[in-house]
Amino acid sequence: MTDLLYSDVEEDLRASVRDLLKAKAGAEALLARVETAEPYDLKLWRTLADEVGVAGLAVPEELGGHGASAREVAVVAEELGRSVAPVPFLGSVVLATTALLHTADRDFVGRLAAGQAIGALAVPLSTAPGAGFPSSVTASADGTLTGRVGTVADASVADLLVVPAAGPDGPALYVVEAPAATVSELVSFDLTRRVADVTLENAPATLVASGPEAAAALEQALLFGAGILASEQTGVAEWALTETVTYLKGRYQFGRPVGGFQSLKHRLANLYTDLVLARAAARNAADALATGTDVPIAVAVAQARNAPIAVRATEEAIQLHGGIGMTWEHPAHLYLKRAKADELALGTPGRHRARLADLVDLPA
């Protein structure tokens, strides 16, 4: 069995990402940014993409990437979950790049890997692995696309849209340059990851895959996304526990730290147990994605387990912070919103449990 512990390389990568996020995406900066008309921190993204190299992390070296695996991508996702930094990592690195890596395309992957462009996969963020090929966009014989896709993650800052479409000969995957589409940002529940509607009207597009190849590329992107999202959820839960423990150690009532009360100790112990389980599930999913072993099962287990854990951890963080946790000035609400949005993203826990039952032949 593969060692699921973090390697030295992964820990070095974590340290680099964490130090950068601590310096550039602290709580005050985050709260200030979500109040503005430009919620994404594209300067931070360029640093992550260019200097740290996260844009091409899992892209083969011959295509301009770093040749790392899903395990390294998961480490970055975990740290981004700890900070809920408003960067298009999920839409560009995890979904769009992965979809293109499973096609014959080379040019668009190179642009994304080099950080020259930001990508987005034009499917609703709630789309789960195994959901089938979407048909809301159709391709004409001349290769132009028409249709509308709702709630696309990171589409409002994307330069390239990877669009699944019903082509003349069946499923097909196209790339559309963003200026050819109408992108309307929505009021997102998660203030640090925006979604948008994408409308295409005879938009010029480049075909990158068709038939079974296109369907397989989309499924692989959704599987990869759901598996990596489990690591982000782990990071969200870890932030909630760490911040809550720190707060309760420093908050005094009746002459003693609030964290010393037994009932609160029990609640924190339960959160810690949940976090350990979440990290194990997320690491298993990342390793399965890296090795290609039992991927659908590992991803379904991780999502069914981690989504509720992240929500519970952030709910407890708000409750145990008392009055300050209920205010807009404290970042806890941003983490709860990310956890709730992630619970719906790429399939709900119930959807993944049902898929898991099917995969391991459990009765309905």
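Computed from a prediction, not measured in an experiment: that's the story for all the values here.

Procedures and definitions
- Residues numbered from 1 in each chain as written.
- Predicted model: local features only at pLDDT ≥ 70, side-chain atom pairs only at ≥ 80, totals over all residues.
- Heavy atoms only, no water.
- Helix = DSSP H or I, 4+ residues; strand = E, 2+ residues; numbered from the N terminus.
- Polar contact = N/O pair within 3.5 Å; in protein donor to acceptor, adjacent residues only side chain to side chain.
- Phe/Tyr/Trp six-rings, centres within 6.5 Å; stacked < 30°, edge-to-face > 60°.
- Buried < 20%, exposed > 50% of the residue type's maximum accessible area, 1.4 Å probe, protein only.
- Lys NZ or Arg CZ within 6 Å of the ring centre and 35° of its normal.
- pLDDT = per-residue confidence, 0-100.
- Pairing = 2+ DSSP bridges.

1. Some details on the side chain of Thr-127
Consideration 1: Here Thr-127 shows up in the loop between β1 (119-121) and β2 (137-139).
Consideration 2: In this structure the side chain of Thr-127 is engaged in a polar contact, spanning 2.7 Å, whose partner is the backbone oxygen of Pro-124.

2. A few points about the packing of aromatic side chains
Consideration 1: Under the counting rule described, the total for this entry stands at one aromatic pair.
Consideration 2: With a centroid separation of 3.7 Å and an interplanar angle of 5 degrees, the aromatic rings of Trp-239 and Tyr-335 are classed as stacked. Of the two residues, Trp-239 is situated in helix α7 (residues 212-250) and Tyr-335 in helix α10 (residues 332-344); the sequence distance between them amounts to 96 residues.
Consideration 3: For Trp-239, a relative accessible area of 10% translates into the label buried.
Consideration 4: The side chain of Arg-14 reaches across the aromatic face of Tyr-6, ending 4.4 Å from its centre.

3. Observations concerning the confidence of the model for the chain
Consideration 1: Averaged over every residue, the pLDDT of the chain is 93; residues scoring 70 or more account for 98%.
Consideration 2: For the chain, per-element mean pLDDT is lowest for strand β9 (residues 252-253), which scores 70, and highest for β1, which scores 98.

4. Focus: the pairing of strand β4 (residues 160-167)
Consideration 1: Across the eight residues of β4, seven count as buried, placing the element largely inside the fold.
Consideration 2: In this structure, β4 lies alongside strand β5 (residues 170-177), joined through eight bridges in antiparallel fashion. Residue pairing in the sheet places Leu-160 in a bridge with Glu-177 of β5.
Consideration 3: Counting the residues that bridge the hairpin from β4 to β5 gives two residues.

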